[in-house]
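Here's the letter readout for the chains.
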Amino acid sequence: MTQITAETVELLDQNDELASFKNEFYVKNDSIYLDGNSLGLLSRRAEQSLLDVLNDWKEQGIDGWMGGKYPWFTLSEQLAEKLAVLVGAEANEVIVTGSTTVNLHQLAATFFEPKPGKTKILADELTFPSDIYALQSQLKLKGLNPETELVQVKSKNWMTLDEQDIIDAMTDDVALIVLPSVLYRSGQLLDMERLTKEAHKRNIPIGFDLCHSIGAVPHELSKWGVDFALWCNYKYVNAGPGGVGGIYVNKKHFTKTPGLSGWFGSKKESQFDMDHTFDAEESAGGFQIGTPHMLSTAPLIGSLSIFEEAKIERIRSKSLKLTTLLMDLLDQELKDVFKVVNPLDDARRGGHVALMHNDAARICKALKDNGIVPDFRAPNVIRLAPVALYNSFRDVYDAVHILAKIMNTREYEKYENKREVIA
Ligand SMILES: *Cc1c(COP(=O)(O)O)cnc(C)c1O
């Protein structure tokens, strides 16, 4: 491989069609943020749209629901049109609502319909804990024992899953499958199309948690026939801490009764009739529960307008170039110091690079003190997410050189190898 130099990355930055978007974000001059897979950065547009919504509250009070710059009553639907592009769905198959965990509760409550002999939920042993807690409680609510009825597909290496193992676990007693699109630790991107096809051959509904793919990877949920999906918008979608999430419900399920009903799922025209018979909207909107959180939705207005211009295909293409450069530079500057645990194949990799090292916790502390913001996942994984909208190729180059300095001088040994409360 030819040597990667400062000139190489300068050329990459010059040819980067998305380079100008970096100026739209609050990026610090003396720091390189590689943690956009945990919390995306604030853009000026997201800040402005939040201020706009606040202003409508200030000026209009209750009339902000129908008046104002972005009428709140239909804002979740309006924004869903733009989010639908990111997940590959029709506009009414998507709604901005809830948070990942709440949305999973809603969709599992809706799609998990156990019958005698078909009582299990299939998940995996590497997924995010909150997803598992939600599925455990959904089983308990149906009077089932999570110890026996929650099947978690095993990983052979604690980092990635073998899709064939998942398919082999799709047995007759499985009533629902819930999987991540991208595994949060290793960044493995699962083949959602293949898994959906296999699930449907066996008549099992399947849903995906898109937290680590939305905004980084394009999806074709409708084309693949996925039954449902859910996600948060505060990672790659940059909608702010605790920002309102989203759900996708395939249109063939619009007539399903939501597992958790609430008045914001009502048909818009009749919602304020205040009738005690629930008349759900026949769209993903029918799965909303209560009054939408406007101040945590507002940043999405600005953020999604950036995605509309940048285009998810271009974002994905730059993201793959960034992670490839990162891995190539690690190979050049720090050969064999870290074990790269994310899939190397572009088609199997999400938006971040995952490195294993016994001193991962304290290496992350040293990186932070050197102006690099990484992300640590216990027990020994460093995640580095160069984000297409606000990281340059030069950022990746500088980050690896700083990491090389930290490793070569053993500077990290000054720190205790223990994670912070928030990691
Ligand atoms: C980020 C993330 C969550 C967080 O859920 P919240 O309800 O937003 O706190 C859950 N699951 C996965 C897979 C995640 O990546």
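Residues numbered from 1 in each chain as written. Predicted model: local features only at pLDDT ≥ 70, side-chain atom pairs only at ≥ 80, totals over all residues. Heavy atoms only, no water.

1. Points about the UniProt feature "binding site: pyridoxal 5'-phosphate" (unreviewed entry) in the protein
Counted only if it meets this: UniProt positions are given in the numbering used here, feature names are shortened, and annotations may be inferred rather than shown by experiment. A run of H or I in DSSP counts as a helix once it spans at least four residues, and a run of E counts as a strand once it spans at least two, with each numbered from the N terminus. Exposure is judged per residue with a 1.4 Å probe applied to protein chains only, and the accessible area is read against the type maximum: over 50% gives exposed, under 20% gives buried, and values in between give partly exposed. Contacts between residues were defined by any pair of non-hydrogen atoms, one from each residue, lying within 4.5 Å.
This chain's UniProt record puts "binding site: pyridoxal 5'-phosphate" (unreviewed entry) on Thr-100, Thr-101, Phe-128, Pro-129, Ser-130, Asp-131, Asp-209, His-212, Tyr-234, Trp-263 and Thr-291. These residues run over 192 residues, and the two farthest C-alpha atoms among them are 30.0 Å apart, placing them at more than one spot. Tracing the chain through its elements places His-212 in the loop between β6 (206-209) and α9 (221-224). On the basis of relative accessibility, which here comes to 5%, the residue His-212 falls in the buried class. Every residue in contact with His-212, bar those within four places of it in the chain, is listed here: Asn-37, Val-182, Tyr-184, Lys-235, Tyr-236 and Arg-383. You can see Trp-263 is positioned in the loop between β8 (246-249) and α10 (294-310). Relative accessible area serves as the criterion here: at 35%, Trp-263 is assigned to the partly exposed category. For Trp-263, the residues in contact, after removing those within four places along its chain, are Gln-271, Phe-272, Met-274, Ile-289, Gly-290 and Thr-291.

2. Some words on the packing of aromatic side chains
Operational definition: Any Phe, Tyr or Trp ring, taking Trp's six-membered ring, that has another such ring centre within 6.5 Å forms a pair; planes under 30 degrees apart are called stacked, those over 60 apart edge-to-face, and the others tilted. Criterion for a charge above a ring: Arg CZ or Lys NZ at most 6 Å from the ring centre, at most 35 degrees from the ring normal.
Under the defined criterion, the tally for this structure stands at 10 aromatic pairs. Here Phe-73 and Phe-264 contribute two aromatic rings whose centre-to-centre distance is 6.1 Å and whose plane-to-plane angle is 70 degrees, an arrangement assigned as edge-to-face. Linking Phe-73 in the loop between α2 (44-60) and α3 (75-87) with Phe-264 in the loop between β8 and α10, this pair joins segments that are 191 residues apart in sequence. Each member of the pair, Phe-73 as well as Phe-264, is classed as buried. Joined through ring pairs, the aromatic side chains of Trp-65, Trp-72, Phe-73, Trp-263, Phe-264 and Phe-272 make up one cluster. When the ring centre of Tyr-26 is taken as origin, the NZ or CZ atom of Arg-44, which lies over that ring, is 4.4 Å away. One residue, Lys-268, lies across the ring of Phe-73, its end atom 4.6 Å from the ring centre.

3. Describing helix α4 (residues 100-111)
Along an α-helix, residues three or four apart share an orientation, since each turn contains 3.6 residues. Worth spelling out the cut-off: Multiply 1.5 Å by the residue count of a helix minus one, and that product is the helix's expected span.
Between its first and last C-alpha atoms α4 spans 16 Å; for 12 residues at 1.5 Å apiece the expected length is 16 Å, and the two agree. Buried residues dominate α4, accounting for 9 of its 12 residues. Listing the buried residues of α4 in full gives Thr-100, Asn-103, Leu-104, Gln-106, Leu-107, Ala-108, Ala-109, Thr-110 and Phe-111. Where α4 is buried, its residues touch α5 (129-141), β5 (174-180), β6, β7 (228-231) and β8.

4. Re the sheet that holds strand β3 (residues 120-124)
Test applied: Think of it this way: DSSP has to see at least two bridges between two strands before they count as a pair. A fitted line through C-alpha atoms represents every axis, and for helices the fit uses only the stretch in contact; the resulting angles, taken between N-to-C directions, go from 0 to 180 degrees.
Spatially, the 7 strands line up as an open sheet ordered β2-β8-β7-β6-β5-β3-β4, and their pairing is mixed. In this open sheet, the two edge strands, each paired with only one partner strand, are β2 (94-96) and β4 (150-153). Across this sheet, the average inter-strand angle for adjacent strands is 20 degrees, counted without regard to direction. Judged from the 3 bridges that link them, β3 and β5 form a sheet pairing that is parallel. When the sheet's bridge partners are listed, Ile-121 is paired in β5 with Leu-176. Each of β2 and β7 is contacted by α3, which is oriented at about 125 degrees to β2, the strand it contacts most.

5. Quick notes on unusual backbone geometry
Residues Ala-378 and Pro-379 are joined by a peptide bond in cis, for which omega reads 0 degrees. Its place among the elements puts Pro-379 in the loop between β12 (375-377) and β13 (381-384). A positive phi angle, close to 60 degrees, is found at Met-274, a residue other than glycine. Mapped onto the fold, Met-274 is located in the loop between β8 and α10. Owing to a relative accessible area of 53%, Met-274 belongs among the exposed residues under this scheme. One non-glycine residue with positive phi stands out, namely Asp-336, at about 65 degrees. Examined against the element boundaries, Asp-336 turns out to sit in the loop between α11 (312-333) and β9 (339-340).

6. Regarding the site of the ligand
Rule in force here: Residues are labelled near a given molecule or strand when at least one of their non-hydrogen atoms is within 4 Å of it. In protein, a polar contact requires one atom able to donate a hydrogen and another able to accept it; more generally it is a pair of N or O atoms within 3.5 Å, and residues adjacent in sequence count only if both atoms are side-chain atoms. Computed with a 1.4 Å probe, the accessible areas rest on the Shrake-Rupley method; for each residue, only the protein chains presented here act as cover. Gly counts as polar in this scheme, as do all residues outside two lists: the nonpolar Ala, Val, Leu, Ile, Met, Phe, Trp, Tyr, Cys and Pro, and the charged Asp, Glu, Lys and Arg.
Surveying the vicinity of the ligand reveals the residues Ser-99, Thr-100, Thr-101, Phe-128, Asp-131, Asp-209, Cys-211, His-212, Tyr-234 and Lys-235. Here an oxygen atom of the ligand sits 3.5 Å away from a polar atom, N or O, in the side chain of Thr-100. In the model, a nitrogen atom of the ligand is placed 3.3 Å from a nitrogen or oxygen of the Asp-209 side chain. Relative to its unbound accessible surface of 390 Å², the ligand loses 86% to contact with the protein. Considered class by class, the residues forming the shell around the ligand number 3 nonpolar, 4 polar and 3 charged.

7. A short note on α5
Taking 1.5 Å as the rise per residue, α5 with 13 residues should run 18 Å; its terminal C-alpha atoms sit 18 Å apart, in good agreement. Among all positions of α5, only Ser-130, Asp-131, Ile-132, Ala-134, Leu-135, Gln-138 and Leu-139 are buried. Where α5 ends, the next residue or the one after it, Gly-143, has phi of about 75 degrees, a positive value.

8. Re the environment of Ala-298
Within the secondary structure, Ala-298 is located in helix α10. According to the relative accessible area criterion, Ala-298 is buried, its value standing at 0%. Apart from residues lying up to four places away in sequence, Ala-298 is in contact with Ser-49, Leu-50 and Val-53.

9. Brief notes about the pattern of salt bridges
Selection criterion: A side-chain nitrogen of Lys or Arg and a carboxyl oxygen of Asp or Glu constitute a salt bridge if their distance falls within 4 Å.
Tallied over the full model, the rule gives 27 salt bridges. The salt bridge involving Glu-113 is made with Lys-256; its shortest N-O contact spans 3.1 Å. Of the two residues, Glu-113 is situated in the loop between α4 and β3 and Lys-256 in the loop between β8 and α10; the sequence distance between them amounts to 143 residues. One salt bridge connects Asp-279 with Lys-267, and the closest N-O pair in it is separated by 3.0 Å. Residue Asp-279 is found in the loop between β8 and α10, and its partner Lys-267 is found in the loop between β8 and α10; the two are separated by 12 residues along the sequence. Exposure remark for Lys-267: the relative accessible area of 24% places this residue in the partly exposed category. Each of the salt bridges in this network shares a partner with another, and the network as a whole consists of Glu-24, Arg-45 and Glu-309.

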